[in-house]
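Chain residues, written in single-letter form:
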Amino acid sequence: MFKKVVLPFLGVYSLTSYYFLKNPTLLHPKHNFSHELFNDLTANPGKKCLSISHRGGSYEKVENTIEAFQNSIENGVDLLEMDLQLTKDGKVVVCHDENLCRLCGVDVKVSELNYDDLPKFSEKINLDHFNNTILDTSKLQVGKIPTLEEVFQKFPNTLMQLDLKGGSEEVTRKTNDLIKLYKRENLTFWGAMGDDQYLRRYNEDLPRFFSPYAVIKVYGLYVTGLLPFFNLTSSVFSIPKYSQHYEKWKESK
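### Focus on the side chain of Asn 176
Tracing the backbone through its elements, the reader meets Asn 176 in helix H6 (residues 169-181). Side-chain polar atoms of Asn 176 contact the backbone oxygen of Tyr 202, separated by 3.2 Å. Only 3.0 Å separates the side chain of Asn 176 from the side chain of Asn 203, close enough to count as a polar contact. Discounting chain neighbours no more than four positions away, the residues touching Asn 176 are Trp 190, Tyr 202 and Asn 203.

### Overview of the nonpolar core
Ranked by internal contacts, the top residues of the largest apolar core, which has 22 residues, are Met 82, Leu 84, Leu 148, Met 160 and Leu 162. Contributions of two or more residues to this core are made by strand S2 (79-86), strand S3 (92-94), helix H5 (148-154), strand S6 (159-164) and H6. Looking at which element gives the most residues to this core, the answer is S2, with four residues. When sequence neighbours within four positions are dropped, the list of residues in contact with Met 160 reads Leu 79, Leu 80, Met 82, Val 151, Phe 152, Phe 155, Arg 184, Leu 187, Thr 188 and Phe 189.

### Focus on the pattern of salt bridges
Enumeration over the complete set of coordinates arrives at 11 salt bridges. In this structure, Glu 63 and Arg 102 form a salt bridge, with 2.8 Å as the shortest nitrogen-oxygen distance. In this pair, Glu 63 sits in the loop between strand S1 (52-53) and helix H3 (66-74) while Arg 102 sits in helix H4 (residues 101-104), placing the two residues 39 residues apart along the sequence. Glu 63 sits in the buried class, given a relative accessible area of 5%. Of the residues examined, Arg 102 reaches a relative accessible area of 16% and is grouped as buried. A salt bridge links Arg 102 to Asp 97, with the shortest nitrogen-to-oxygen separation between them at 2.8 Å. The same class applies to Arg 102 and to Asp 97, which are both buried. Where salt bridges share partners, they join Arg 55, Glu 63, Asp 97 and Arg 102 into one cluster.

### Here we look at helix H7 (residues 212-223)
What sets the pattern is the α-helix's 3.6 residues per turn: residues three or four places apart point alike. Here H7 is 12 residues long and its end C-alpha atoms lie 17 Å apart, about the 16 Å a rise of 1.5 Å per residue gives. When H7 is considered as a whole, its buried residues turn out to be Ala 214, Val 218 and Leu 221. With its buried residues spanning 65° around the axis, H7 presents them on a single face. Relative to its buried face, H7 has exposed residues pointing more than 90 degrees away, namely Tyr 213, Ile 216, Tyr 219 and Val 223. In the stretch just after H7, Gly 225 is the one whose phi turns positive, near 80°.

### Some remarks on a nonpolar patch on the surface
Side chains of Tyr 19, Leu 26, Leu 27, Leu 226, Phe 229 and Phe 230 sit close together on the surface and give an oily, nonpolar patch of about 540 Å² of accessible area. Among the secondary structure elements, Phe 229 is positioned in the loop between H7 and helix H8 (244-252). Residue Phe 229 is classed as partly exposed on the basis of its relative accessible area of 37%.

Criteria and thresholds
Residues numbered from 1 in each chain as written. Predicted model: local features only at pLDDT ≥ 70, side-chain atom pairs only at ≥ 80, totals over all residues. Heavy atoms only, no water. Helix = DSSP H or I, 4+ residues; strand = E, 2+ residues; numbered from the N terminus. Polar contact = N/O pair within 3.5 Å; in protein donor to acceptor, adjacent residues only side chain to side chain. Contact = heavy atoms within 4.5 Å. Core = buried A, V, L, I, M, F, W, Y, C linked by side-chain atoms within 4.5 Å. Buried < 20%, exposed > 50% of the residue type's maximum accessible area, 1.4 Å probe, protein only. Salt bridge = Lys/Arg side-chain N within 4 Å of Asp/Glu carboxyl O. Expected span 1.5 Å × (residues − 1). Arc of directions from axis to C-beta. Patch = residues over 30% accessible without salt bridge, like charges linked within 9 Å, V, L, I, M, F, W, Y side chains within 5 Å. Areas by Shrake-Rupley, 256 points an atom, 1.4 Å probe, with all protein chains shown as cover.

Honestly, that's just the spatial picture; any functional story needs more than this.
Written out as structure tokens, the structure reads:
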């Protein structure tokens, strides 16, 4: 029974899945993105991905600051990644942590302070993900936590990935308003770490990066052969890539 029914079915299923995986437009319409993020790759056939500075690059400068973003651009990064929070007085600020203890040495949430009351950065900052590596900011030129509007004004033509922390309706609405105000629809994409489907209510056309949940889902669909039969609503994979630069940086310390 197994050989007569199951094996032929698996064979047909595997071939069908492989065929549609190689020819996805037979099941799904091809998207013609006007977004500069995708146009850059289309115009450069040999280029398969864009380089992203996570939080603006926290090895050399304080993460998510104007100084970090400027340094990344000067070093040839294609795209700036940043995190967004909302202050008590409704300012969208570029900051990863909900609590300012790690960055500023003050045990308080960003949402509990007005923008003008946000503290300065500490002289010693523990870098996330890097085995208690400490960034000494005492010799760096460091401003304060910037607003998203300041970043848009400073880098008007730079591609950006916006990670909305907390997933609140207000930070989403205000972020979308700023994107429209500065006409950045073709220079920006966004997303959230959790369920990000709510973002479509605010801007259905703005590309979204795959959340961790969505990445796992895509992987599961791929290994089971079901991927060609599902419509993917996100557009961008933003994935960490290990490189020799990190080892060289560690050796220089």
